[in-house]
Amino acid sequence: MSSAAARRNLLCGTALCTSDLSAQPLTRAILRDCNLVTPEYELKWDVIGRHPHEPDYSAADRLMAFAADNGLAFHGHTLWWHEAIPESRRANQSMDFAQAALRHLERTVARYAGRLRSWDVVNEPLEPAHGRQDGLRVSPFLAAFGPDYIETAFRAAAARDPGAILVLNEMGLEYAGPEAERKRRHMIDLLERELARGTPIACLGIQSHLTALEQPRQHPAFRAFLRTIRGMGLSVMITEMDVSDHLCPRDPRQRDRIVADTYRAYLDLVLDESRVLAVGTWGLADFSTWLNAFRPRPDGARQRPLLLDRAFRRKPAWHAVRAAF
Ligand code: XIL
């Protein structure tokens with residue numbers, strides 16, 4: 001398949017939280033511009049497991065039904081993430097935690113087996129600053145299962161939904177600088193170890209939380225990384241793309257132009273170097289971005305990081321992403 005045809009087959013999606021689905025303009029915008037949805041919260045363990053004795057899948061079920069009713073692909077996010085552990089499980093990291101974590105993963109994957117396209121099975125496994133030789137994050141999952149926890153998670157997910165594309169998802173692989181380079185090196189070593197032992201990882205999720213005026217346009221180190229990943233036979237999913245404009249001037253039109261240019265340069269690079277299964281943004285319209293909390297602008301103005309404005313009108317960023325395909 002030519003790269004142009006492959007690009008047209010890509011899914012372009014967004015992260016959603018089910019409270020949005022009551023907003024007609026949003027659902028119209030989703031149906032107009034997306035063919036893939038990812039739950040921002042509803043499939044995280046701390047949401048499903050918020051009642052210690054009874055898992056709550058109601059919100060995830062609503063989003064899954066919306067996707068199925070409208071022919072949208074569904075990307076599950078995320079089964080094991082150190083930032084999304086239920087309150088009741090945070091205290092202990094013993095066998096009890098291991099049993100609870102594995103039970104949650106198995107029950108959740110089995111519930112949606114055959115109905116979703118892909119899963120972020122493990123999210124953000126690396127944290128070089130923790131000082132481990134292998135760069136693994138010192139998380140409750142590592143404490144409970146040991147370094148084999150990634151293999152445990154992927155094998156359990158594959159056993160319960162053999163048709164799902166299983167993704168290892170990470171933040172910051174696309175950044176510039178020595179810390180990001182260390183993380184890319186650790187990720188290559190991790191994937192080589194896991195693939196050598198037969199861990200069923202099919203795809204590397206690159207979150208792609210970019211920063212305008214900081215993200216390198218050419219980025220040879222990232223290009224080389226993507227080539228290595230492709231050489232390992234792995235596909236790539238852009239799982240959470242957005243462009244923070246906190247370093248940009250205040251003028252909205254100037255910000256929109258700089259953000260659009262950042263999207264275009266980034267996608268041109270990744271689409272050139274990788275077999276990309278899907279491109280998802282983390283939010284569809286500017287009103288719902290997490291970046292106002294995670295990366296507030298120094299001048300207090302609201303971020304404009306996504307493809308649609310607050311009224312769901314297509315911005316220059318939407319046209320830039322579309323042109324990259
Ligand atoms: C974020 C949500 O967008 C926030 O609203 C929430 O407070 C924290 O989690 N990487 C991930 C996502 O994998 O799950 C995170 O989502 C953003 C960073």
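Residues numbered from 1 in each chain as written. Predicted model: local features only at pLDDT ≥ 70, side-chain atom pairs only at ≥ 80, totals over all residues. Heavy atoms only, no water.

By the naming in an unreviewed UniProt entry, the protein chain is Beta-xylanase, taken from Microvirga arsenatis. Recorded in UniProt under Catalytic activity (unreviewed entry), the annotation for the protein chain is "Endohydrolysis of (1->4)-beta-D-xylosidic linkages in xylans." Under the heading Sequence similarities (unreviewed entry), UniProt records this for the protein chain: "Belongs to the glycosyl hydrolase 10 (cellulase F) family." (UniProt positions renumbered as here; feature names shortened; annotations may be inferred.)

**Regarding the overall build of the protein chain**
Helices and strands together make up the secondary structure of the protein chain, namely 13 helices and nine strands. Radius of gyration (C-alpha) of the protein chain: 19 Å, near the 20 Å computed for a compact globule of 325 residues. With the C-alpha coordinates of the protein chain rotated into their principal frame, the extents come out at 55 × 45 × 45 Å. Looking at the protein chain as a whole, 57% of its 325 residues are labelled buried. The contacts in the protein chain between residues at least 6 apart in sequence include a share of 77% that link residues at least 24 apart. As displayed, the protein chain has an accessible area near 13300 Å², and 51% of this comes from carbon and sulfur atoms. Between the centroid of the 43 positive side chains of the protein chain and the centroid of its 40 negative side chains there is a distance of 4 Å. (Helix = DSSP H or I, 4+ residues; strand = E, 2+ residues; numbered from the N terminus. Rg over C-alpha atoms; globule rule 2.2 N^0.38 Å. Buried < 20%, exposed > 50% of the residue type's maximum accessible area, 1.4 Å probe, protein only. Contact = heavy atoms within 4.5 Å. Areas by Shrake-Rupley, 256 points an atom, 1.4 Å probe, with all protein chains shown as cover. Lys, Arg positive; Asp, Glu negative; His and termini not counted. Charge placed at Lys NZ, Arg CZ, Asp CG, Glu CD.)

**So, the confidence of the model for the protein chain**
In this model, the protein chain carries a mean pLDDT of 93, and residues with pLDDT of at least 70 account for 96%. In the model output, the complex is listed with pTM 0.96 alongside ipTM 0.98. (pLDDT = per-residue confidence, 0-100.)

**Re the packing of helix α11 (residues 252-273) against helix α13 (residues 316-324)**
For the pair α11 and α13, interaxial distance at closest approach is 8 Å and the crossing angle is 15°. Considered as vectors, α11 and α13 are oriented roughly parallel to each other. The crossing of α11 and α13 is right-handed. Contact residues: α11 offers Asp256, Val259, Ala260, Tyr263, Arg264, Leu267, Asp268 and Leu271, while α13 offers Pro316, Ala317, Ala320, Val321, Ala323 and Ala324. Of the residues in the contact of α11 with α13, the class split is 11 nonpolar, no polar and three charged. (Axes fitted to C-alpha atoms, helices over the stretch in contact; angles between N-to-C directions. Parallel < 35°, antiparallel > 145°, perpendicular 65-115°, else oblique. Left-handed = near helix turned anticlockwise from the far one by under 90°. Nonpolar A, V, L, I, M, F, W, Y, C, P; charged D, E, K, R; others polar.)

**Things to note about the site of the ligand**
Neighbouring the ligand are 13 residues, the closest being Glu40, Tyr41, Lys44, His77 and Glu240. Separating an oxygen atom of the ligand from a side-chain N or O atom of glutamate 40 is a distance of 2.6 Å. Bound to the protein, the ligand loses 78% of the 410 Å² it would expose on its own. In terms of residue class, the shell around the ligand is built from five nonpolar, four polar and four charged. (Near = heavy atom within 4 Å. Polar contact = N/O pair within 3.5 Å; in protein donor to acceptor, adjacent residues only side chain to side chain.)

**Thoughts on the side chain of threonine 211**
Following the sequence through the fold, threonine 211 ends up in strand β7 (residues 209-211). Excluding residues that lie within four positions of it along the chain, threonine 211 makes contacts with Val243, Ser244, His246, Leu247 and Arg295.

**Looking at the packing of aromatic side chains**
The full count for this structure, using the stated rule, is 12 aromatic pairs. For the pair tryptophan 80 and phenylalanine 141, a centre-to-centre distance of 4.9 Å together with 15° between the ring planes defines the contact as stacked. In this pair, tryptophan 80 sits in strand β3 (residues 73-81) while phenylalanine 141 sits in helix α7 (residues 140-145), placing the two residues 61 residues apart along the sequence. For the pair tryptophan 80 and phenylalanine 141, a shared accessibility class is recorded, and that class is buried. An angle of 10° between the planes, with centres 5.9 Å apart, marks the rings of phenylalanine 222 and tyrosine 266 as stacked. Residue phenylalanine 222 is located in helix α10 (residues 220-231), and its partner tyrosine 266 is located in helix α11; the two are separated by 44 residues in the primary sequence. The pair phenylalanine 222 / tyrosine 266 is uniform in exposure class, with both members buried. Clustering of aromatic rings is evident, with ring pairs tying together Trp45, Trp80, Phe97, Phe141, Phe145 and Tyr149. The ring of tryptophan 318 is capped by arginine 314, whose NZ or CZ atom sits 3.7 Å from the centre of that ring. Lying across the ring of phenylalanine 325, arginine 322 places its NZ or CZ 5.7 Å from the centre. (Phe/Tyr/Trp six-rings, centres within 6.5 Å; stacked < 30°, edge-to-face > 60°. Lys NZ or Arg CZ within 6 Å of the ring centre and 35° of its normal.)

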